[in-house]
Amino acid sequence: MALSKSMQKAQIPLPCELCEIETKIQWKCIDCILLLCDKCKNKVHSKFKKAKDHKIITIKEVGLHGDDSGQNISDTQCKDQQDTQIRIKAIREYTTELSQVVHIIQCSDNGFWIHDCDSEKIQKVTLQPDSSLKVLLELKDFAQCTSLTRNGDLLISDLTSNLQILNGNGKKLTISIYNFKSYKVDPIHINKENQLIVGAIKKSPVDYSVPGGGVVIVINMDGNIKPNITKEDERGRVVTLEKGTILNVYSGHADINSKNHPFKPQRLVATQKDNIIVSDTLNNTLHILDNSGHLLFYCNTMEAGVMGPFSMVVIEPGKLLIGCSTPVISANNAKIYEVEISKDI
C-alpha cells in the first residue's frame, strides 16, 4: 500500500497506490485520495471501513469534482495517505511453560493445543478465569507444526516424511497414513474443504538458491494426493494460490521491512471476514491481507505490550489469542495474550 508521508514528484506514470504494481490507473477514491487500478478497486478498497460510502470516480472525471487533483496523473504530487495501521488491545495475559508458543489450536471442548519446538513439549491446556493455564495433557515429543482433524485427532509434522497422529484423547503418538517420501514436511493445515495442505522441502542436501526446493501439496484426508503441486523456493513471503496457480506474492511492506528488518512470516490465521493475519515475529508486526494476498492493514503489537507474536487463533469475532516467543529461547515463560482487534478484519 502507498503509506509514505513524503511528497515526491513522479516523472513516470504512477502505479496503483494500493498494489504499487499496476500502472493502468482507472479510478480515484476522493475520500482516500488514492489512485486505483481496476482490481484493487474491486478486491482491496471495497474492504476498507465504510468503503461503500466513499466517492470513487473514473480517471476521466478527475478535476471535474472540485477534488483539487486535476493534474496529469504522470506528474501529480503524492498527497499524504491515510494511516492504514490498526491497533490491538491486550485484555488478558497467560504465562506458559514453553519458550515459544509455536502453534495454538482451539479444540471443540474449549481447550487449546500448544507446543514448543525447543523444549519438545506438546500440551493441551485450558484458559482459567484467573489468567492462569491448566495443563490437561503433556507429551514430551517434538512437533514442528500441528493441525486438528474434524474428528478431533491431532496431526503433527516433525520434519520427517511421515506425519504423526494423536487420536482423540490418546496419550501416545502413532504414525499416520500420510507419507511424503522424498520430502520433509514442515507446515500443515486442514482447510474448510477437509483437505490436508502441507508445505515440504526436498530432503538434504537442499540448495535454496535454486527455485523448486519446496513444494505445496494438497491431498484428500484419505491420503490420495491431488494433482496440483506448486513448486516454490523458501523466502520471506506469503504466496496466495488458486487451484495450483500463484495468485499473488506478498513480501512485506517498506514501512516495516528492510534489509535489516526482513519480512519473516511465521504463522497465519484466517478471520471470519475471510482475511488473513500473518505474524512477523522479529518485527513485532501483524500483516492483515485480503484473501487474494494484498495488504489491507498492519499492526505494531508492541503498542499493546505484545512482544514476539508467533502463533494465533481467532476465538470469536474481534478477539484473537496470540502465542509469543521469549527474547531468550531458554526461558520457559512464553506468553499467550488475549487481544481485541477490529471486528471489520
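Residues numbered from 1 in each chain as written. Predicted model: local features only at pLDDT ≥ 70, side-chain atom pairs only at ≥ 80, totals over all residues. Heavy atoms only, no water.

- An unreviewed UniProt entry annotates the protein as B box-type domain-containing protein of Mytilus galloprovincialis.

### Points about the packing of aromatic side chains
Phase 1: Tallying each qualifying case throughout the model produces one aromatic pair.
Phase 2: Here the aromatic rings of Y250 and F263 are separated by 5.4 Å at their centres, their planes lie at 75 degrees, and the arrangement is edge-to-face. Linking Y250 in strand β19 (residues 245-250) with F263 in the loop between β19 and β20 (265-270), this pair joins segments that are 13 residues apart in sequence. Here Y250 matches F263 in class, with each residue buried.
Phase 3: A cation sits over an aromatic face here: K41 above W27, 4.4 Å from the ring centre. (Phe/Tyr/Trp six-rings, centres within 6.5 Å; stacked < 30°, edge-to-face > 60°. Helix = DSSP H or I, 4+ residues; strand = E, 2+ residues; numbered from the N terminus. Buried < 20%, exposed > 50% of the residue type's maximum accessible area, 1.4 Å probe, protein only. Lys NZ or Arg CZ within 6 Å of the ring centre and 35° of its normal.)

### A short note on the sheet that holds strand β3 (residues 56-58)
Phase 1: Spatial ordering of the open sheet is given by β2-β1-β3, a layout of three strands whose pairing is antiparallel. Edge positions in the sheet fall to β2 (34-36) and β3, since each has one partner strand and no second. Geometrically, the sheet is characterised by an average inter-axis angle of 25 degrees between neighbouring strands, direction not taken into account.
Phase 2: In terms of strand pairing, strand β1 (residues 27-29) meets β2 through three bridges, oriented antiparallel. Its bridge partner lying in β2, C29 is registered against L34. (Pairing = 2+ DSSP bridges. Axes fitted to C-alpha atoms, helices over the stretch in contact; angles between N-to-C directions.)

### Quick notes on the nonpolar core
Phase 1: Counting residues in hydrophobic clusters, the biggest one holds 33 residues, and the most contacted among them are L320 and I322.
Phase 2: Counting only elements with at least two residues in this core, the list comes to β2, β22 (285-289), β23 (295-300), β24 (309-316), β25 (319-324) and β26 (335-340).
Phase 3: One finds L196, V198, V215 and M221 within the second-largest nonpolar core, a separate group that totals 17 residues. (Core = buried A, V, L, I, M, F, W, Y, C linked by side-chain atoms within 4.5 Å.)

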